[in-house]
Every structure is written in C-alpha cells, then in structure tokens.
Amino acid sequence: MVNVIAEKCKGCTKCVKACPFNAITMEGKLAVIGPSCTSCGACVDVCPFDAIEKTDDATHTVDISAYHDVWVFAEQRDGKLLGVAIELLGEGRKLANDIGCRLCAVLCGENVDHLIDELFAYGADKVYYANKPELKTYNTDAYTKTIYEAIKTYKPEIVLLGATHIGRDLGPCLAVKCGTGLTADCTKLDIDPTDKKLMQTRPAFGGNLMATIVCPRHRPQMATVRPGVMDKPQRDNSRKGEVIALNPVFKDGDIRTKVLEIVKSVTEHVSLTDADVIVSGGRGLGGPEGFELLRELAKKLGGVVGASRAAVDSGWIDHAYQVGQTGTTVKPKLYIACGISGAIQHLAGMQESGYIVAINKNENAPIFEIADYGIVGDLYKVIPAIMEELDKLESSVV
Ligand code: FAD
Ligand code: SF4
Ligand code: SF4
C-alpha cells in the first residue's frame, strides 16, 4: 500500500507526472493517491521530500466485520437475465445460508424492472437496482462506478460475477477499485466452517492442480465463475424481497467510451452452455469436413456441435465451439466425444455432463476412463452406423 505523508508533502507535483496509472491528484498543495493505484511504487522514488511511503500489503487490513451479505452481479443482455446469473444465485444462496446472511443481486440497465421478480424467484432476498440510460448496454466505466459506489456504501462480504466477457472485464476493475483480490474462473465455492471465509477453487498449472484461494484480509471476497459450472436453482415465483435503488450520477468524463453500434457475430449464436446434447469433434476428425458429419448427428439428436482445442487450433472450427479449460464449460445431458483423446484440459470443461459417450479408435485413449459408454472404432464408420439406427428408430415411431 502507498501513502502520502501529509506533513512532508510540499506540493511539487513530481509524483503526479511519475504515476503511470494517473492515480495521483493534487488537492491544493497535497498529493492524494486514488483507488486506481496499483502500488507499483514508481512515485516513491521520485518524491524529493520522502513524502511517499510504501508499506507491506500484509499489514493493510480492513474491518472485515463491517462487511455482510453475498452479492451476485445480475448480468443481463437486452433485458434478459443470463443463465450464469441464475446459476450464481443458486450457488450464492448456499453460501449465504452457510454464512447466515442475505443473498442480494445487483441489477444494472435501463427499464429492466421486469427482471427484479425473476431475481427474487431465483433466490435473491434483496435487489440493488440501478436504472439509468447510461447503463442500457454494458460500459466498463459506468458499470464500475455504479457497482463500486454500491459496494462502498453497502459493504458486501462476497461478490460473485459470471466469467463472461463482461464479468471478466468488470470483476477486475471492481477489485482494483476496492483494493481487494479476485479469483477468476472458479469451479467450486465453499464456506470455511471455522471462520466463514470464502474458499475459491479453480484449476491451476494447466489444469493439473486444483488451487483453493482465500482472501483473508480484504473485502469483498470476489470471484468469477464460468457459465455452466453451477446448477440453476428451482424458480419459486412466490418469493418476494426488498428493492434498493442505486442512483449513480455520471459527470462529464466519467464514461470514457461510447457504444456506437452493437454487431452480433455469427459465433455468438453458439449456445454450448444451454445445449442438452453436444457432439464434439477432435483432431481425430482429420479435417474440417468431419464437422459436417458431426452436425448431421447433432441435428438428429437435437443438439449442437462442440470441439477440442486441437480441432480449433487446426483452424477447422471457430474458437466459440471449444469445450474445455480455455473454452466453454458444458454440462449437457449427453456429450459425445468423437476423435478426442481426453486430455485433462478438455475433461475440465465436460466431465460433469450427464452421459458421456466416447468414440475413439485407440482403446487406451484416456477419454474412455470417464466415458459412460465407449465405442472403439473409426468415427467415420461408427457415426454413420449410429445415424442409420436413429433413422430406423424414427421411422418405426412414425
Ligand atoms: P488428440 O489428443 O490428438 O487426440 C485425437 C484422438 O483422436 C486420439 O485419441 C486418436 O486415437 C483419435 N482418433 C484419430 N483418428 C480417429 C478416427 N478416425 N476415429 C476415432 N478416433 C480417432 N484442449 C481442449 O480440448 N480444450 C481446452 O480448453 C484446452 N485448454 C488447454 C489449456 C492449456 C493451458 C493447455 C496446455 C492445453 C489445453 N488444451 C485444451 C489442449 C489439450 O491438452 C489437448 O492437446 C487437446 O485437448 C487434444 O485435442 P484432441 O483430443 O482433439 O487431439
Ligand atoms: Fe508531495 Fe512528494 Fe508528490 Fe511532491 S512528489 S507532490 S512532495 S508527495
Ligand atoms: Fe501511481 Fe504507482 Fe505511486 Fe500508486 S504507487 S500512486 S500507481 S506511481
């Protein structure tokens, strides 16, 4: 942590120019360090009056007893709540019950009042609602200011966000402003029964280890969770709660970017997280044309196509289809892995699927260790045979 010693500061402004993060402003003749300070220490050496000191972060503590409640960022797009926000409400409910506190949702947008009842129905006890034209579409500055001010005022002890593009942008901005940590891409969250702290588990070292991270001295404890990892709670329309209006005031210069147009790319339509059936292809397909066969099978089963990173890296299919640690985490009812060996980084994204079927010509492929049904054979023979059987089944039903 970096502090200005007021009695020593002469107001020479050298530190203001030296700060690479524009974190220092002058209040009269006194340098003041703002929340965007990263503790890089660049200003400490330039001060000719030794008026800036850097202290060990370990000694910097906040009064953690002042922080209560679990907050979930209720991410919405075009007035529709994202699936991951609902999943986080389910997980947040368990954490709040374990701690013995309330579960709250933070909703930002313009005229998205209809989502409030939905948030209550999925478990929120309270909804903090910021209804402003500036918040209609996501904007880093506007959302950060709104939620940071709410965190400062209401002091939640835990803040959870989806590890979506927006959550991955917003989470770190909030964490820096709050001077706290953030664990990204958690796969498991628990409360330590001894001290009620949040235990945040995520894969580390390329997925070979699971690391559990705690944030003992700073608040809030913040984590992002990938879509599809946690279970959605049951909806209960009889649940009601309290709404607290947030009223951020945006001054000129607060919002540094302007959204001119939103262009939806084709790949955004891939909804791996919502699919009940995924037919995934790997390097064993041998080329991009293999995905045509998988698409045919997926269509017959009412599902979608997925891919391993090897297939994506080979340029056979877009990254939006990638399943795994650096792709999407999925939990369909049925996952069919075709020509995929079963590397740990792939398994990390699909091993929670209901039924796993593996088709691989190598009987020793690791994918068979987690598969419920394994078919040893050439996928170009096995898949047409499966489709033939499905056709027979269909015509016998008709
Ligand atoms: P391979 O391992 O080459 O396996 C191909 C399989 O196809 C083989 O088992 C072979 O027997 C079989 N086969 C070949 N021909 C046929 C045929 N005609 N019929 C049937 N079977 C056949 N990978 C991911 O998938 N997702 C990730 O998110 C991911 N993230 C990663 C992150 C990091 C940090 C690292 C280091 C790696 C990551 N990887 C990820 C890569 C991962 O380690 C593997 O390299 C990758 O999953 C292998 O893809 P694959 O199974 O398609 O290819
Ligand atoms: Fe004050 Fe030192 Fe900054 Fe000059 S460089 S404004 S004396 S803190
Ligand atoms: Fe700026 Fe680094 Fe000094 Fe913080 S420590 S005020 S970021 S120069």
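Please read all numbers here as calculations on a predicted model, not as lab measurements.

Parameters and conventions
- Residues numbered from 1 in each chain as written.
- Chains lettered and ligands numbered in written order.
- Predicted model: local features only at pLDDT ≥ 70, side-chain atom pairs only at ≥ 80, totals over all residues.
- Heavy atoms only, no water.
- Helix = DSSP H or I, 4+ residues; strand = E, 2+ residues; numbered from the N terminus.
- Buried < 20%, exposed > 50% of the residue type's maximum accessible area, 1.4 Å probe, protein only.
- Contact = heavy atoms within 4.5 Å.
- Areas by Shrake-Rupley, 256 points an atom, 1.4 Å probe, with all protein chains shown as cover.
- Lys, Arg positive; Asp, Glu negative; His and termini not counted.
- Charge placed at Lys NZ, Arg CZ, Asp CG, Glu CD.
- Core = buried A, V, L, I, M, F, W, Y, C linked by side-chain atoms within 4.5 Å.
- Polar contact = N/O pair within 3.5 Å; in protein donor to acceptor, adjacent residues only side chain to side chain.
- Near = heavy atom within 4 Å.
- Nonpolar A, V, L, I, M, F, W, Y, C, P; charged D, E, K, R; others polar.
- Pairing = 2+ DSSP bridges.
- Axes fitted to C-alpha atoms, helices over the stretch in contact; angles between N-to-C directions.
- Phe/Tyr/Trp six-rings, centres within 6.5 Å; stacked < 30°, edge-to-face > 60°.
- Domains from an automatic or database assignment.
- Buried area = accessible area lost by both parts, 1.4 Å probe.
- Salt bridge = Lys/Arg side-chain N within 4 Å of Asp/Glu carboxyl O.

**Student:** Help me out: how do you make sense of the overall build of the protein chain in this one?
**Tutor:** Secondary structure summary: the protein chain contains 11 helices and 21 strands in total. In the protein chain, which comprises 398 residues, the share counted as buried stands at 45%. Residue pairs in contact within the protein chain that sit at least 24 positions apart in sequence constitute 63% of those at least 6 positions apart. Of the roughly 20100 Å² of accessible surface on the protein chain, 52% is carried by carbon and sulfur atoms. Separation of charge centres in the protein chain, based on 44 positive and 51 negative side chains, amounts to 5 Å.

**Student:** Would you mind going over the nonpolar core with me for this structure?
**Tutor:** Within soluble globular proteins, side chains that are nonpolar generally end up buried alongside one another. Ranked by internal contacts, the top residues of the largest apolar core, which has 36 residues, are V70, L89, L107, L119, V127, L160 and L189. Listing elements by their share of this core, those giving two or more residues are strand 5 (70-73), helix 3 (83-99), strand 8 (103-109), helix 4 (114-121), strand 9 (126-131), strand 10 (158-162), strand 12 (188-191) and strand 15 (221-225). Tallying contributions element by element places helix 3 first for this core, with eight residues. In terms of nonpolar packing, the next biggest core, distinct from the first, is built from 26 residues, Y138, Y148, A150 and M222 among them.

**Student:** I'm lost on the side chain of E75 in this one. Help?
**Tutor:** By secondary structure assignment, the location of E75 is in the loop between strand 5 and strand 6 (76-77). Under the relative-accessibility criterion, E75 is labelled buried at 2%. A polar side-chain atom of E75 sits 2.7 Å from a polar atom in the side chain of R77. With near-sequence residues (within four places) excluded, E75 lies in contact with K80, L81, L82, A85, T164, I166 and G167.

**Student:** Looking at this structure, how should I read helix 4?
**Tutor:** In an α-helix, one turn spans 3.6 residues, which is why side chains three or four residues apart end up on the same side. Taken across its eight residues, helix 4 has six buried, putting it largely inside the fold. Looking at helix 4, one finds that the buried residues are L115, I116, E118, L119, F120 and A121. Positive phi shows up at G123, right after helix 4, with a value of about 125°.

**Student:** Teacher, can you tell me more about the site of ligand 2 here?
**Tutor:** Within the structure, ligand 2 sits among C9, K10, G11, C12, T13, K14, C15, A31, C47, F49, A51 and I52. Here the residues of the shell around ligand 2 are counted per class, giving eight nonpolar, two polar and two charged.

**Student:** What is the right way to read the sheet that holds strand 18 (residues 304-307) from this model?
**Tutor:** Pairing between the strands of a sheet is mediated by backbone hydrogen bonds and can be parallel or antiparallel. Taken together, the five strands give an open sheet; going across it, the order is 18-17-19-20-21, and neighbouring strands pair in parallel fashion. Strands at the two margins of the open sheet, each flanked by one partner only, are strand 18 and strand 21 (373-376). Strand-to-strand twist of the sheet, defined as the mean angle between neighbouring strand axes without regard to direction, takes the value 20°.

**Student:** Would you explain the packing of aromatic side chains in this entry?
**Tutor:** Each aromatic ring pair is described using two quantities: the centre-to-centre distance and the angle formed by the ring planes. Taken as a whole, this structure holds five aromatic pairs when the rule is applied. Summarising the aromatic geometry, the rings of Y138 and Y143 are spaced 4.9 Å apart at their centres and angled 65° between planes, so their arrangement reads as edge-to-face. Note on accessibility: Y138 and Y143 belong to one class, buried.

**Student:** What should I look at first to understand the side chain of S280 in this one?
**Tutor:** Assignment of secondary structure puts S280 in strand 17 (residues 277-281). A relative accessible area of 0% means that S280 is categorised as buried. Reaching out from S280, the side chain makes a polar contact with the backbone nitrogen of A307 at a distance of 3.2 Å.

**Student:** Can you walk me through the sheet that holds strand 13 (residues 198-204) in this structure?
**Tutor:** One open sheet accounts for three strands, arranged 12-13-14; its pairing is antiparallel. Strands at the two margins of the open sheet, each flanked by one partner only, are strand 12 and strand 14 (209-213). In this sheet, neighbouring strand axes are inclined to one another by 25° on average, regardless of whether the strands run parallel or antiparallel. Judged from the four bridges that link them, strand 12 and strand 13 form a sheet pairing that is antiparallel. Bridging across to strand 13, K188 finds its partner in T201.

**Student:** Just to check I follow, could you spell out the domain arrangement of the protein chain for this structure?
**Tutor:** Many authors give the size of an interface as the accessible area that is lost as the parts come together. Taken domain by domain, the protein chain consists of domain 1 (2-60), domain 2 (64-246) and domain 3 (277-397). For domain 2 and domain 3, the distance between their C-alpha centroids amounts to 33 Å. The contact between domain 2 and domain 3 buries some 700 Å² in all, and 35% of this surface belongs to carbon and sulfur atoms. The tally of links between domain 2 and domain 3 comes to one salt bridge. Across the pair D231 and K331 runs a salt bridge, and its minimum N-O distance is 2.5 Å. Taken together, the links from domain 2 to domain 3 amount to six residue pairs in polar contact (both at pLDDT 80 or more). Each residue belonging to the side of domain 2 that touches domain 3 can be placed in one class, and the counts come to three nonpolar, four polar and two charged.

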